Amino acid sequence: MPVSDSTATGNAWWVRDGLATLDEPGVLLKDALDAVFTRWGAEAGARQQSYPALLRAEDLRTLDYFRNFPHLGSPVTRIRPERLAALAAHPPGATALPAVDLADATHLLPSAACYGCILHLTGTSADTPVLITTVAQCFRNEDHYDGLRRLWGFTMREIVCVGSAEAVRAHLGRHQERIAAFGAALGLTLDRQPATDPFFEKDGSRTVMQLLAPVKEEYLYTDGTAVASTNNHRNFFGERRAIRHAGRPAFTGCVAFGLERWVHALGDRFEGDLAAALRAVRRAGEGS
Ligand code: 5GP
Ligand code: ZN
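Everything numeric in this text was worked out from a predicted model, so none of it was measured.

S.K.: How should the coordination of the zinc ion (ligand 2) be read in this particular structure?
M.R.: Under ideal tetrahedral coordination, the four donors around a metal are separated by 109.5 degrees; under ideal octahedral coordination, the six donors are separated by 90 or 180 degrees. Looking at the metal site, the zinc ion (ligand 2) is ligated by Cys114 (SG), Glu158 (OE) and Cys254 (SG), spaced 2.1 to 2.3 Å from it. Summarised as a motif, the one-chain spacing of the donors to the zinc ion (ligand 2) is C-x43-E-x95-C. Of this pair, Cys114 sits in helix 5 (residues 114–120) while Glu158 sits in strand 10 (residues 153–163), and the two are 44 residues apart along the sequence. The buried category is assigned to Cys114, whose relative accessible area is 7%.

S.K.: Honestly, the sheet that holds strand 7 (residues 107–109) in this entry has me stumped. Any pointers?
M.R.: The pairing of strands in a sheet happens through backbone hydrogen bonds and is either parallel or antiparallel. Strand order across the open sheet formed by three strands is 5-7-6, with antiparallel pairing between neighbours. The open sheet is flanked by strand 5 (55–56) and strand 6 (74–76), the only strands paired with a single partner. Alignment of strand 5 against strand 7, held across two bridges, turns out to be antiparallel. Its bridge partner being in strand 7, Arg56 is matched across the sheet by His107.

S.K.: I tried to follow the nonpolar core on my own but got confused; where do I start?
M.R.: In summary, soluble globular proteins display a tendency toward joint burial of nonpolar side chains. Residues Leu33, Phe182, Phe257 and Trp262 are the most contacted members of the largest nonpolar core, which totals 74 residues. Per element, the largest residue contribution to this core is seven residues, and it comes from helix 10 (residues 274–287). Residues within four places of Phe257 in sequence aside, it is in contact with Phe37, Trp40, Thr155, Met156, Arg157, Ile159, Ile179, Val227, Ala228 and Trp262.

S.K.: Looking at this structure, how should I read the packing of helix 6 (residues 165–186) against helix 10?
M.R.: Helix-helix packing is characterised by the crossing angle of the two axes and by the distance between the axes. Contact geometry of helix 6 with helix 10 gives a least axis separation of 9 Å together with a crossing angle of 135 degrees. Of the possible angle classes, the one that applies to helix 6 and helix 10 is oblique. Handedness of the crossing formed by helix 6 with helix 10: right-handed. Of the residues in helix 10, those in contact with Phe182, Ala185 and Leu186 of helix 6 are Ala280, Val281, Ala284 and Gly285. Among the residues making up the contact of helix 6 with helix 10, the classes are represented as six nonpolar, one polar and no charged.

S.K.: In this structure, what is going on with the packing of aromatic side chains? I would like to understand it.
M.R.: To describe a pair of aromatic rings, you give the distance between the ring centres and the angle between the ring planes. Applying the stated criterion to the full structure yields twelve aromatic pairs. Pairing Trp40 with Phe182 gives two aromatic rings, centres 5.5 Å apart and planes at 85 degrees, and the pair type is edge-to-face. With Trp40 in helix 1 (residues 24–43) and Phe182 in helix 6, this pair connects stretches of sequence that are 142 residues apart. An aromatic cluster is defined as three or more aromatic residues linked by ring pairs; in this entry it consists of Phe37, Trp40, Phe182, Phe257 and Trp262. Above the ring of Phe270, the side-chain terminus of Arg269 is found at 4.4 Å from the ring centroid.

S.K.: What am I meant to see in the site of ligand 1 here?
M.R.: By nearness alone, 16 residues border ligand 1, and Arg140, Lys216, Val227, Ser229 and Gly258 come closest of all. Relative to its unbound accessible area of 490 Å², ligand 1 is 94% covered by the protein chains. Per-element tally for the shell around ligand 1: the top contributor is strand 13 (residues 226–234), with four residues. For the shell around ligand 1, the residue count by class is eight nonpolar, two polar and six charged.

About the criteria used
- Residues numbered from 1 in each chain as written.
- Chains lettered and ligands numbered in written order.
- Predicted model: local features only at pLDDT ≥ 70, side-chain atom pairs only at ≥ 80, totals over all residues.
- Heavy atoms only, no water.
- Donors = N, O, S within 2.8 Å, 3.2 Å for Na, K, Ca; no water.
- Helix = DSSP H or I, 4+ residues; strand = E, 2+ residues; numbered from the N terminus.
- Buried < 20%, exposed > 50% of the residue type's maximum accessible area, 1.4 Å probe, protein only.
- Pairing = 2+ DSSP bridges.
- Core = buried A, V, L, I, M, F, W, Y, C linked by side-chain atoms within 4.5 Å.
- Contact = heavy atoms within 4.5 Å.
- Axes fitted to C-alpha atoms, helices over the stretch in contact; angles between N-to-C directions.
- Parallel < 35°, antiparallel > 145°, perpendicular 65-115°, else oblique.
- Left-handed = near helix turned anticlockwise from the far one by under 90°.
- Nonpolar A, V, L, I, M, F, W, Y, C, P; charged D, E, K, R; others polar.
- Phe/Tyr/Trp six-rings, centres within 6.5 Å; stacked < 30°, edge-to-face > 60°.
- Lys NZ or Arg CZ within 6 Å of the ring centre and 35° of its normal.
- Near = heavy atom within 4 Å.
- Areas by Shrake-Rupley, 256 points an atom, 1.4 Å probe, with all protein chains shown as cover.

Next comes the structure, spelled out in structure tokens:
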């Protein structure tokens, strides 16, 4: 059996260091879930896009990323050219590459799928709402990992709306209804709760602002796992990235699904029978 620190019953998946391996039933379930959420996006008028696998640190700086979420970041770097020969001659004995051998990091792995979308839309303007759906492998550096519930690397599907404040509100509201109906059809008890983003400064101005005017809602499975969230960014990204709607900084909002968390919740609901979960998702997806 592969080395892992967490496995599902029947070895449907393995997790080590917050990184998951799924066997075929898990892959099929995850893909079927993604197909349902992608279809919701298409039905809302979203176009599919995919973005670069890495984000530029310089771009993230303009979104206050290093002020708000420095602790989540997974910088990507390379070995300094002048250190290559020494490293080849004496490969590191330990598990880590020493920092002195590494170049400064100009890029990071994404911690949410919608950053790529927001950055891509920089400098654009529109008079009608723009809807985009995208999926990305996302990474969050956490102080602990927990099965498929809390991973370093996980798959996030998002449906992003860019437009007026009202269009964003309607987008989030419509998907809140869809998530609730889909959960009910699957027999998943999903509890909708206001939430705040995991800001670095727990008592910083952004955290307080989100507490005063809730802009994030999460859907929690019975064990507390947030399988989806809706997020109203207001006109923050519109202002920071010169994204305009009807001549003014656009409002943006996203609906986000953590696909491995849905696999976890359904695995639990169907007592490890991922094939039964897959049949249920296909049935519920058609009706949702
Ligand atoms: P948020 O930006 O709301 O924190 O994350 C969006 C969605 O990604 C969440 O609703 C959740 O489904 C998923 N997600 C967030 N963190 C993790 C994680 O550590 N592991 C997994 N598997 N999914 C996550
Ligand atoms: Zn998002």
